[in-house]
Structure formats: C-alpha cells, structure tokens
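# Descriptive analysis of the structure
Spelled out from the first residue to the last, the chains are:
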Amino acid sequence: QVQLVESGGGLVQAGGSLRVSCAASGRTFSSYTMGWFRQAPGKEREFVAAISRSGGSTTYADSVKGRFTISRDNAKNTVYLQMNSLKPEDTAVYYCAADPGGLYVRIRQNEYNYWGQGTQVTVSS
C-alpha cells in the first residue's frame, strides 16, 4: 500500500509561483512512476505532468508546458510540481498519483494505482 500526501497549495495572484509537494510512504519510492493531475470546478480531472522513476524523463500537458516543472527527490520520497506564471485557469485541486513498478512516464489516470487526497490551488486575477 502506498500513501500519498500533498501539501503546498494555496492562494496566489496571477503571474505568481507556487510549489506543491507530494510525500509518499514506502521504501520503494524510487520504483514509482509519479504524476500530477488536476480537477477544476465542474470539469473532469486532467493530466498535468509525469516523471519517471529516476527523474530522467518527464512529460507535460500542453497547457502547462514551459510554466510547470515536475521533479522528485527519491531520498526524501517526495515529488514536486513547481508552478510559475500561474493563470486563473490553473485554479484546481491538484492530485499526485503513483504507479508502482511503472517503467515509463504515464499520462492516463487509469495507469496509476494510488492517489493522494489533493491540495487546492487558487489563482486570482
């Protein structure tokens, strides 16, 4: 069983920056492919970014490419999402997800086995 706990959400003005974190339980974090997803009010949850086990491979949704950066620290069992140049349309609950044993970065929700409870990010205009 993998437990994921997000933190770092909050309220920020448009153009600002925020970093959200996701701490994972377990001693094999380095074997998990990790991803970030988000769900805005009234919308379906969507892919944001993903990172491979070593951190050597990443992929992003077009809507955040060039503004968001996913990274991980396997020694701390933590994955991060650095969000810059935030826009009001980035307002959502952000979830991290884990795919234990995944070999490649994954963008589909059904490829992830474990999910955190989410952290709210609100961008004011």
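Just so it is clear, the model here is predicted, and its values are computed rather than measured. (Residues numbered from 1 in each chain as written. Predicted model: local features only at pLDDT ≥ 70, side-chain atom pairs only at ≥ 80, totals over all residues. Heavy atoms only, no water.)

### What to know about unusual backbone geometry
The test is simple: Only DSSP runs of H or I reaching four residues or more are called helices, and only runs of E reaching two or more are called strands; each is numbered from the N terminus. When a residue's accessible area, from a 1.4 Å probe over protein chains only, is under 20% of the maximum for its type it is buried; when over 50% it is exposed; and in between it is partly exposed.
Its identity as a non-glycine residue notwithstanding, Asn-77 has a phi of 55°, on the positive side. When you line up the elements, Asn-77 lands in the loop between strand S7 (68-73) and strand S8 (78-83). For Ser-85, which is not glycine, the phi torsion reads 50° and is therefore positive. Within the secondary structure, Ser-85 is located in the loop between S8 and strand S9 (92-100). The exposure class assigned to Ser-85 is partly exposed, which follows from its relative accessible area of 41%.

### Thoughts on the pairing of strand S3 (residues 18-24)
The cut-off we apply is this: Two strands pair under a simple rule: DSSP has to find at least two bridges between them.
With five of its seven residues buried, S3 lies for the most part within the structure. Both S3 and S8 contribute to a ladder of six bridges, which runs antiparallel. When the bridges of S8 are listed, Arg-19 appears paired with Gln-82.

### Concerning the side chain of Arg-38
The line we're drawing: Nitrogen and oxygen atoms within 3.5 Å of one another constitute a polar contact, given that in protein one can donate a hydrogen and the other can accept it, and given that sequence-neighbouring residues count only through two side-chain atoms.
Relative to the elements of secondary structure, Arg-38 occurs in strand S4 (residues 32-39). Of the residues examined, Arg-38 reaches a relative accessible area of 6% and is grouped as buried. A polar side-chain atom of Arg-38 sits 2.7 Å from a polar atom in the side chain of Glu-46. A distance of 3.0 Å separates the side chain of Arg-38 from the side chain of Tyr-94, its partner in a polar contact.

### Section: the packing of aromatic side chains
Rule in force here: Each aromatic pair joins two rings of Phe, Tyr and Trp (for Trp, the six-membered one) with centres within 6.5 Å, and gets the label stacked for planes under 30 degrees apart, edge-to-face for over 60, and tilted for any other angle.
Counted under the stated rule, the structure contains five aromatic pairs. For the ring pair Phe-29 and Tyr-32, a centre distance of 5.9 Å and an interplane angle of 80° mean the geometry is edge-to-face. The buried category is assigned to Tyr-32, whose relative accessible area is 4%. Ring centres of Tyr-112 and Trp-115 lie 6.3 Å apart, and the angle between their planes is 65°; this geometry places the pair in the edge-to-face category. One aromatic cluster is present, built from ring pairs that chain together Phe-37, Phe-47, Tyr-112 and Trp-115.

### Describing the environment of Ala-98
Note the cut-off: Here, two residues are considered to be in contact whenever any of their heavy atoms come within 4.5 Å of each other.
With respect to the secondary-structure elements, Ala-98 resides in strand S9. On a C-alpha basis, the gap between Ala-98 and Trp-115 in space is 6.6 Å, while along the polypeptide they are 17 residues apart. Ignoring sequence-local partners within four residues, the contact set of Ala-98 consists of Val-2, Leu-4, Tyr-32, Thr-33, Met-34, Tyr-112, Asn-113 and Tyr-114.

### Some details on the sheet that holds S7
Using the following cut-off: The axes are straight lines fitted to the C-alpha atoms, using for helices just the contacting stretch, and the angles between their N-to-C directions are given from 0 to 180°.
Taken together, the four strands give an open sheet; going across it, the order is S1-S3-S8-S7, and neighbouring strands pair in antiparallel fashion. In this open sheet, the two edge strands, each paired with only one partner strand, are strand S1 (4-7) and S7. Between one strand axis and the next, the sheet turns through 15° on average, direction left out of account.

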